[in-house]
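Structural description and commentary
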Amino acid sequence: MPSNIIQWFPGHMAKTKRLITECLSLVDIVIEILDARIPLSSQNPDINKICANKPRLVILSKSTLADPAANDKWRAYFKRYGGCIVADFVTGAGMNQIEPAIREILSEKIAKNENKGMAGKAIRAMVVGIPNVGKSSFINRFSGTKKAKVEDRPGVTVDKQWVKCQGGIELLDMPGVLWPKFEDERVGENLAMTGAIKDAVVNTDELAIALCSRLRVTAPELLCTRYKLGTPEAIEDLTDFELFELIGRKRGFLISGGETDYERTSRILLDEFRGAKIGRITLELPEQF
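Read on for an overview of the structure. Every chain begins its residue count from 1, and numbering advances along the sequence as written. Residues qualify for local features only when their pLDDT is at least 70, as the model is predicted, and side-chain atom pairs are given and counted only at 80 or more; totals for whole chains, interfaces and linings, by contrast, use all residues. Neither water nor hydrogens contribute to the side-chain values; these are computed over all heavy atoms in the structure.

Runs of H or I in DSSP of at least four residues are treated as helices and runs of E of at least two as strands, each being numbered from the N terminus. Residue placement: Arg 267 occurs in helix α11 (residues 262–274). Any two residues whose heavy atoms approach within 4.5 Å are treated as being in contact. Residue contacts for Arg 267: discarding those within four places in its chain leaves Asp 199, Thr 204 and Arg 274.

Moving on to the side chain of Ser 266. Looking at where Ser 266 falls in the secondary structure, it is placed in helix α11. Think of it in three bands: residues with accessible area under 20% of the maximum for their type are buried, residues over 50% are exposed, and the middle band is partly exposed, with areas taken using a 1.4 Å probe on protein chains only. The exposure class of Ser 266 is buried, given its relative accessible area of 0%. We call two N or O atoms a polar contact when they sit within 3.5 Å, provided that within protein one can donate a hydrogen and the other can accept it, with sequence-adjacent residues counted only if both atoms are side-chain atoms. Here Tyr 262 takes part through its backbone oxygen, which lies 2.8 Å from a polar atom of the side chain of Ser 266. Residues in contact with Ser 266, not counting those within four places in the same chain, are Thr 204, Asp 205, Ala 208 and Phe 244.

Let us look at the packing of helix α7 (residues 185–194) against helix α8 (residues 204–218). Note on method: axes are straight lines fitted to C-alpha atoms, helices fitted across the in-contact stretch only, with angles between N-to-C directions ranging 0 to 180 degrees. Relative to each other, α7 and α8 sit at 105°, their axes nearing to 10 Å. Here α7 is positioned roughly perpendicular relative to α8, judged by the angle of their axes. In contact with Arg 186, Glu 189, Asn 190, Ala 192 and Met 193 of α7, α8 contributes Leu 207, Ala 210, Leu 211 and Arg 214. Counted by class, the contact of α7 with α8 contains five nonpolar, one polar and three charged residues. Angular relationships are summarised with four words: roughly parallel below 35 degrees, roughly antiparallel beyond 145, roughly perpendicular across 65 to 115, and oblique for the angles in between. Nonpolar residues are Ala, Val, Leu, Ile, Met, Phe, Trp, Tyr, Cys and Pro. Charged residues are Asp, Glu, Lys and Arg, and all others, Gly as well, are polar.

Interpretation note: all reported values are geometric properties and have no functional meaning in isolation.
Next up, the structure:
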């Protein structure tokens, strides 16, 4: 990613990774929540190392914002970890599959507990994921309470907390964890586009132009329809910056002199992508890796 898009990264990664490592012995399973629009970009590589010896259930969140066909591909891809559920914590889609999946993954452990006379022993699960991926929304929806603080911005959960749920499951909510640098520029770009990195530390103009570059390839018809740009062929000869300016003009975002208002254009592009108003779009697919 160009260095002028993101100037800063969260500073509590080491503390959070240490906390996860220390708490692994307290739980039976790790529930890893990823953003369905950017599953690999939203998976901290350290989680695989730290949690390698624990049973794991992957949940692809925000699935109603992602391309349905891509959701199916990613579900198959992540089965390697033990289980994968495609869900949306706002609409509740897929939520009824989560408890059965946990019990299936832990079936041997549950059977052993029953044989030892400990039937009904609580199942303890650690919930991990990057900031703003939906951990707190998941916990609140799954537990039927509002014990986890939820805001549409990254970095809200700052310490661990236990939440009891129905069915004898207890969830350990952990702070979100990013990494201090991105080996792949595209990963940083994806995280910023989906809002996992605070806009306050992002050059939103550059990010919106990068988003135009991605969408003209990933979802050209949806982009052209949303902003009344004509056919995808009509924008082929435009540079990414020219396409960005055209979208602003089509929306009437002009300032004195008839120039495009970059700030308003950037904001609308990012907001409408994140809210799936442009369409249900996934930025990466398993076959690209």
